[in-house]
Amino acid sequence: GTNIQNVTKFGNNPLLPAPFLDFNALYLSNATISADGGTIVFEGTPQTTTGTGGTVGTGATVTSTGIPVAQIWLVHSDGSALRALTTGSDSSSQPSISGDGSLVAFVRSGPICTVRSDGSSLKVLTKFQMSTARDPVLSEDGSVIVFDIGPPNGGIGALYAINSDGTNPHAV
């Protein structure tokens, strides 16, 4: 389409929201948008950009300090309300969002987790002993999460589903 717009504008913002004030850039990946088009979630790894040029890709040196792991971020599609939904030393990745944008499912250092889009009610839904959960997909109504599990090295696994409240985990 022709309606391409920059909704995050990290290159123009000297500071990121707390608790990431020591960083001036994010490495972004795995963005997804709610079915209603109003909310975008993505992985972002905070980074400090230094060196010639001052921006990644123009001779700068990128270093991570403080929180060098991916976290889940949310922004409205108009660029407002940018915030980190997760923080801490555990990596959070592979976000999926409900159709109305109210619930986010993701992987946090192995288990499937959910968090409300306002950052409340973080829940760990799975705890596999010898496997890692990957690639969660949240149903449009936010009631079910389908994901695959397998060995931590990424080998062959199985397809599973779980209710978003953590009940009824089962192979599909």
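Residues numbered from 1 in each chain as written. Predicted model: local features only at pLDDT ≥ 70, side-chain atom pairs only at ≥ 80, totals over all residues. Heavy atoms only, no water.

(A) Just the pairing of strand β7 (residues 103-108), in detail. Among the six residues of β7, six are classified as buried, and the element is accordingly described as predominantly covered. Inspection of the sheet shows strand β6 (residues 92-97) paired to β7 by four bridges, in the antiparallel sense. In the strand pairing of β7, Ser96 is matched with Ala105. Relative to strand β8 (residues 112-116), β7 runs antiparallel, the two being bridged by five bridges. (Buried < 20%, exposed > 50% of the residue type's maximum accessible area, 1.4 Å probe, protein only. Helix = DSSP H or I, 4+ residues; strand = E, 2+ residues; numbered from the N terminus. Pairing = 2+ DSSP bridges.)

(B) Spotlight on the pattern of salt bridges. Evaluation of the coordinates by the stated rule reveals one salt bridge. Between Arg134 and Asp148 there is a salt bridge; the shortest N-O distance is 2.9 Å. Linking Arg134 in strand β10 (residues 132-138) with Asp148 in strand β11 (residues 144-150), this pair joins segments that are 14 residues apart in sequence. (Salt bridge = Lys/Arg side-chain N within 4 Å of Asp/Glu carboxyl O.)

(C) Geometry of the sheet that holds β11. Spatially, the four strands line up as an open sheet ordered β10-β11-β12-β13, and their pairing is antiparallel. Because the sheet does not close on itself, it has two edges, and the strands there are β10 and β13 (170-171).

(D) Examining the nonpolar core more closely. Core analysis: the biggest nonpolar cluster contains eleven residues, these being Leu103, Ala105, Val107, Ile112, Leu125, Ala133, Leu138, Ile145, Phe147, Ile149 and Ile162. Of all the secondary structure elements, the ones that give two or more residues to this core are β7, β10 and β11. Apart from the residues lying within four places of it in its own chain, the contact partners of Phe147 are Ile112, Thr126, Phe128, Ala133, Arg134, Asp135, Pro136, Ala158, Leu159, Tyr160, Ala161 and Ile162. One finds Val41, Leu74, Ile97 and Phe106 within the second-largest nonpolar core, a separate group that totals nine residues. (Core = buried A, V, L, I, M, F, W, Y, C linked by side-chain atoms within 4.5 Å. Contact = heavy atoms within 4.5 Å.)

(E) The arrangement of the packing of aromatic side chains in detail. Tallied over the entire structure, the rule returns three aromatic pairs. Taking 6.2 Å as the distance between ring centres and 50 degrees as the angle between the ring planes, the aromatic pair formed by Phe128 and Phe147 counts as tilted. On the criterion of sequence distance, the pair formed by Phe128 in the loop between β9 (123-124) and β10 and Phe147 in strand β11 is long-range, its members being 19 residues apart. With a relative accessible area of 30%, Phe128 lands in the partly exposed category. Classification of Phe147 as buried rests on a relative accessible area of 1%. Considering the side-chain rings of Phe128 and Tyr160, the 5.9 Å spacing of their centres and the 75 degrees angle between planes classify their relative orientation as edge-to-face. (Phe/Tyr/Trp six-rings, centres within 6.5 Å; stacked < 30°, edge-to-face > 60°.)

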